[in-house]
Amino acid sequence: MPALGPRLGEAAAPPLDQGLVEVVAFLTIPTRADAMLISTTAPESDPRTMCGIIAKTALSLMDAPQNPAAGAVEATWLRILEMYRYGAFRHTGVPRGMFDFEPIAQQPELMQRDAGLDLQEAIRRVHEAMEPDRSGEEFAASISDAVRACFGSQDAVLRQSKSDQLRKFLKLFQSSIAQP
Amino acid sequence: MLPPKTFLEQQCQNIEDCLNEALRYEYGPRESGAFFDECSSRLATLKATINNLGASPTALELQELVNEASRLGALINRIEHSHVGEFSWAFANELRELAKTLCADVQEPLFFLSADGPIGSYRIHPEQTEPALVRARVFNIVFPKTLRHHALYHPVLGHEVGHAFLLLPSRKPIEDAVDAAMFTGTCLKSTTAFKAWLSTHYPGNSAALPDAILDKIADAWRVELFCDLFGLVVMGPCFPNALLTILTALDPAGINLGPAHPPPKVRFHLQSVAVSELGWDKVPTGSAVLQAAVRDTWADFAVHASGAVARSILTEAQVRAGAREMQNQLSKHYPSHFKDSSLAPLEELFDQLLVRIPPIGRQDYKERLPAKRVDFRTVLYSGWLAWKHISGTSGLDLSFLDVNRLCEHAVMQQLAIAAQAKGP
């Protein structure tokens, strides 16, 4: 039976049973071949920052539903709320082919805490603050209705009736996501 | 120097130029307008977002938007470089129709196909898993450039559609149900048990990995096994031999593992048992030649699924429970999975292949009856069975590539039949 190292780690790596400190160092320090002044790929996104931007954009476009960006804002919030409803926030890192056998050193997300959990928690705090008696499913459905009314509807009366609820949600979310 | 925000604004202009340039190319049978609209919408959203940043955006915000701009540029680049003719477009079209149903989202998702790289390049580039300002999700299905006419291998993309499926939050209950049926009590559900499994089967150096990493590895393996089972239930009995051939080519021993993937033998064991549970390892009727091809195909497959490692993670009962649950869940919610009734014309297709006719099923052109459509997955399964017969003692002079090409033509013919059925 082959040892685990050659696949889970790297071929030239020291054996992993030399202690946790060495293991973590081996997994995180780039080799000379990896060390580059400029990365050839964009750094990974931080979903907390991105969601803060998404909330800011949504707030600014609430009074401009004809803006060409409104469709993307609507679809994005409906997805985020669906993730909250199903507890499906998760970060799976860069897309991989089904036949990749990359070592851990090339999979930095294995070393990181899943930032998607922070989003779940941020919305849960807003949920508690706004409508604590409703279930997660009901809360997500209620805010989704407001999102559709404010960004996807031509009905000005409907939009007006939902805008206060959505504005409150977005502002609370902005401050909630900013919490460490 | 150019301030980052100004640079970003210039990047938007560059992307707009690229987008307009890309329109000169035809990169798919349809939908080029939909891609242009989606990319234009993303660009407009990016511009609006930059405008909303105010006078003093934070470094993190700027970084995030530079990333967004990079991703949009990369997406346009990939679309621009995907050309019809570099892959089996008939198969791609069928797969896209399947995937559209399975991956329906708040907006209809867009799929485009491209060819790239060697044998291991089968993949689907999903949209990033984190939230991003996008209207419709875009999925890029990638075929290996070197295997463009090997239609019999393409069913492995069913596994990749599984990954796209799992990205959608509303699929979580299905994932949870299959997970509970198949993985409860396995070493992939317990750090201690996983450590013990590694020590037993891959001794030497695994114990030092931190628990958090081991948990993520176990989680990734569960996802891979879920997607393998998903690929089987969606693509039908043409899936396992495609998976077996490619994984075995890349890892002949079938026992190497990685942080993202369990040992291939574990995956083959899952396929072998699940095929049996779904009843696809036999055909109720048919000639002795067909019966033998079916029997030999699955008997040979079982050989690859044997050994201590193969059964070390999932028991037969767990795989059977998982297969039933997957089929049950997809039947209820996304009934585009492979159905037993699709196997009805199997013998006709098999017989046609053996006499070098594309396996399109019996068509009555003399009577001018409407042509009958055959499921493309059955066409491909008939190809695997025919190859089993041909590569045995049949003495037939047909190569594997010949069988692939005949099947590819048959899948293309199904599109013509569908077009005929729709009428002028």
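Just so it is clear, the model here is predicted, and its values are computed rather than measured. (Residues numbered from 1 in each chain as written. Chains lettered and ligands numbered in written order. Predicted model: local features only at pLDDT ≥ 70, side-chain atom pairs only at ≥ 80, totals over all residues. Heavy atoms only, no water.)

**Some thoughts on the overall build of chain A**
For step 1, the next point in the chain: Check the secondary structure of chain A and you find seven helices and zero strands.
For step 2, the next point in the chain: Along its sequence from the N terminus, chain A presents helices and strands in the succession α-α-α-α-α-α-α.
For step 3, the next point in the chain: The 180 residues of chain A split such that 46% are buried.
For step 4, the next point in the chain: Residue pairs at least 24 apart in sequence account for 66% of intrachain contacts in chain A once pairs closer than 6 positions are excluded.
For step 5, the next point in the chain: Here chain A has roughly 8,900 Å² of accessible surface; of this, 54% comes from carbon and sulfur atoms. (Helix = DSSP H or I, 4+ residues; strand = E, 2+ residues; numbered from the N terminus. Buried < 20%, exposed > 50% of the residue type's maximum accessible area, 1.4 Å probe, protein only. Contact = heavy atoms within 4.5 Å. Areas by Shrake-Rupley, 256 points an atom, 1.4 Å probe, with all protein chains shown as cover.)

**Some points on the overall build of chain B**
For step 1, the next point in the chain: Along its length, chain B carries 15 helices and three strands.
For step 2, the next point in the chain: A compact globule built from 424 residues would reach a C-alpha radius of gyration of about 22 Å, and chain B, at 24 Å, matches this within 12%.
For step 3, the next point in the chain: Each of the three principal axes of chain B carries a C-alpha extent, and together these read 80 × 65 × 35 Å.
For step 4, the next point in the chain: In chain B, of all internal contacts separated by at least 6 residues, the share reaching a separation of at least 24 is 78%.
For step 5, the next point in the chain: Side-chain charges of chain B comprise 39 positive and 46 negative groups, with the mean position of each set lying 3 Å from the other. (Rg over C-alpha atoms; globule rule 2.2 N^0.38 Å. Lys, Arg positive; Asp, Glu negative; His and termini not counted. Charge placed at Lys NZ, Arg CZ, Asp CG, Glu CD.)

**Description of the packing of helix α3 (residues 47-61) of chain A against helix α4 (residues 70-86) of chain A**
All names here are of chain A.
For step 1, the next point in the chain: Between α3 and α4, whose axes approach to 10 Å, the crossing angle comes to 130°. In terms of orientation, α3 and α4 fall into the oblique class. Our pair here, α3 against α4, has a crossing hand that is left-handed. Touching Cys51, Ile54, Ala55, Thr57, Ala58 and Leu61 of α3 are Ala70, Val73, Thr76, Trp77 and Ile80, all from α4.
For step 2, the next point in the chain: Of the residues belonging to the contact of α3 with α4, the class tally is nine nonpolar, two polar and no charged. (Axes fitted to C-alpha atoms, helices over the stretch in contact; angles between N-to-C directions. Parallel < 35°, antiparallel > 145°, perpendicular 65-115°, else oblique. Left-handed = near helix turned anticlockwise from the far one by under 90°. Nonpolar A, V, L, I, M, F, W, Y, C, P; charged D, E, K, R; others polar.)

**So, helix α6 (residues 136-151) of chain A**
Residues and elements named next belong to chain A.
For step 1, the next point in the chain: Taking 1.5 Å per residue as the helical rise, α6 with its 16 residues ought to reach 22 Å, and the 22 Å between its terminal C-alpha atoms agrees with that figure.
For step 2, the next point in the chain: Restricting attention to buried positions, one finds in α6 the residues Phe139, Ala140, Ser142, Ile143, Ser144, Ala146, Val147, Ala149, Cys150 and Phe151.
For step 3, the next point in the chain: Those residues of α6 hidden inside the fold are in contact with α3, α4, α5 (116-130) and α7 (156-178). (Expected span 1.5 Å × (residues − 1).)

**Here's the deal with the nonpolar core**
For step 1, the next point in the chain: Phe194(B) and Leu229(B) are the most contacted members of the largest nonpolar core, which totals 112 residues.
For step 2, the next point in the chain: Here the element with the most residues in this core is helix α8 (residues 211-235) of chain B; it accounts for 15 residues.
For step 3, the next point in the chain: Sequence-distant contacts of Leu229(B), that is, excluding residues within four places in its chain, are made with Val178(B), Met182(B), Leu270(B), Gln271(B), Ala274(B), Gly322(B), Ala323(B) and Met326(B).
For step 4, the next point in the chain: Counting residues in hydrophobic clusters, the runner-up holds 37 residues, among them Ile54(A), Met62(A), Ile123(A) and Met130(A). (Core = buried A, V, L, I, M, F, W, Y, C linked by side-chain atoms within 4.5 Å.)

**So, helix α11 (residues 288-304) of chain B**
Residues and elements named next belong to chain B.
For step 1, the next point in the chain: Compared with the 24 Å implied by 1.5 Å per residue over 17 residues, the 25 Å span of α11 between its first and last C-alpha is a close match.
For step 2, the next point in the chain: Turning to α11, its buried residues are Leu290, Ala293, Val294, Thr297, Trp298 and Phe301. For α11, the buried positions fall inside an angular range of 115° around the axis, keeping them on one side. Facing away from the buried side of α11 by over 90 degrees, the exposed positions are Ala288, Arg295 and Val303.
For step 3, the next point in the chain: Packing partners of the buried residues in α11 comprise α9 (239-250), α10 (264-277), α13 (346-354) and α14 (376-390). (Arc of directions from axis to C-beta.)

**Here's the deal with the pairing of strand β1 (residues 110-115) of chain B**
For step 1, the next point in the chain: With six of six residues buried, β1(B) lies mostly within the body of the structure.
For step 2, the next point in the chain: The alternating pattern of β1(B) places Leu110(B), Phe112(B) and Ser114(B) on one face and Phe111(B), Leu113(B) and Ala115(B) on the opposite face, and all of these are buried.

**Considerations on the state of the cysteines**
For step 1, the next point in the chain: Scanning the model with the defined rule gives zero disulfides over all chains in all.
For step 2, the next point in the chain: Cys51(A) takes part in no disulfide bond, and the closest cysteine sulfur, belonging to Cys150(A), lies 18 Å away.
For step 3, the next point in the chain: When its relative accessible area of 1% is taken as the criterion, Cys51(A) is described as buried.
For step 4, the next point in the chain: The structure places no disulfide on Cys12(B), whose sulfur is separated from the nearest cysteine sulfur, that of Cys18(B), by 12 Å.
For step 5, the next point in the chain: We classify Cys12(B) as buried; its relative accessible area is 2%. (Disulfide = S-S within 2.5 Å.)

**With respect to the confidence of the model for chain A**
Residues and elements named next belong to chain A.
For step 1, the next point in the chain: For chain A, the average pLDDT comes to 73, and 61% of its residues sit at 70 or higher.
For step 2, the next point in the chain: In the model of chain A, helix α2 (residues 20-28) stands out as the element of lowest mean pLDDT, 37, in contrast to α6, which has the highest, 96.
For step 3, the next point in the chain: Across residues 1-40, where pLDDT falls below 50, the model places 59 contacts with residues more than four positions away in sequence or in other chains. (pLDDT = per-residue confidence, 0-100.)

**Examining the environment of Glu137(A)**
For step 1, the next point in the chain: Positionally, Glu137(A) belongs in helix α6.
For step 2, the next point in the chain: It is 8.2 Å that separates the C-alpha atoms of Glu137(A) and Tyr84(A), two residues lying 53 residues apart in sequence.

**Quick look at the sheet that holds strand β2 (residues 123-125) of chain B**
Residue and element names in this part refer to chain B.
For step 1, the next point in the chain: The mixed open sheet is built from three strands, whose spatial order is β1-β3-β2. A single partner strand is all that each edge strand has here, and the edge strands are β1 and β2. Within this sheet the neighbouring strands show an average axis-to-axis angle of 25°, counted without direction.
For step 2, the next point in the chain: Bridging between β2 and strand β3 (residues 138-143) involves three bridges; their strand directions are antiparallel. (Pairing = 2+ DSSP bridges.)

**Some remarks on the pattern of salt bridges**
For step 1, the next point in the chain: Scanning the entire structure with this criterion turns up 31 salt bridges over all chains.
For step 2, the next point in the chain: Between Arg85(A) and Glu137(A) there is a salt bridge, and its shortest N-O distance comes to 3.0 Å. On the criterion of sequence distance, the pair formed by Arg85(A) in helix α4 and Glu137(A) in helix α6 is long-range, its members being 52 residues apart.
For step 3, the next point in the chain: By relative accessible area, Arg85(A) is classed as partly exposed at 38%.
For step 4, the next point in the chain: Across the salt bridge formed by Glu348(B) and Arg362(B), the nearest N and O atoms sit 3.6 Å from each other. Highlighted residues: Glu348(B) in helix α13 and Arg362(B) in the loop between α13 and α14, separated in sequence by 14 residues.
For step 5, the next point in the chain: You can call Glu348(B) partly exposed: its relative accessible area is 22%.
For step 6, the next point in the chain: Its relative accessible area of 58% is what places Arg362(B) among the exposed residues.
For step 7, the next point in the chain: What emerges from the salt-bridge pattern is a single network uniting Glu121(A), Arg124(A), Arg125(A) and Glu128(A). (Salt bridge = Lys/Arg side-chain N within 4 Å of Asp/Glu carboxyl O.)

**With respect to the packing of aromatic side chains**
Residues and elements named next belong to chain A.
For step 1, the next point in the chain: Inspection of every chain in the model, using the stated rule, returns 25 aromatic pairs over all chains.
For step 2, the next point in the chain: Ring plane angle 80° and centroid distance 6.4 Å describe the contact between Tyr84 and Phe139, whose orientation is recorded as edge-to-face. With Tyr84 in helix α4 and Phe139 in helix α6, the pair connects residues that are 55 residues apart, well separated along the chain.
For step 3, the next point in the chain: The exposure class assigned to Phe139 is buried, which follows from its relative accessible area of 0%. (Phe/Tyr/Trp six-rings, centres within 6.5 Å; stacked < 30°, edge-to-face > 60°.)

**What to know about the packing of helix α5 (residues 157-166) of chain B against α8(B)**
Residues and elements named next belong to chain B.
For step 1, the next point in the chain: Running from N to C, α5 and α8 point in directions that differ by 115°, and their axes come no closer than 7 Å. Where α5 crosses over α8, the two elements pack in a sense that is right-handed. Between α5, through Gly158, His159, Val161, Gly162, His163, Phe165 and Leu166, and α8, the contact on the second element is made entirely by Val223, Glu224, Phe226, Cys227, Asp228, Phe230, Gly231 and Met235.

**Looking at the confidence of the model for chain B**
Regions with low pLDDT carry predicted coordinates that are not meant to be interpreted in detail.
For step 1, the next point in the chain: For chain B, mean pLDDT is 88; residues scoring 70 or higher make up 94% of the total.
For step 2, the next point in the chain: Predicted as a complex, the structure gets a pTM of 0.86 and an ipTM equal to 0.84.

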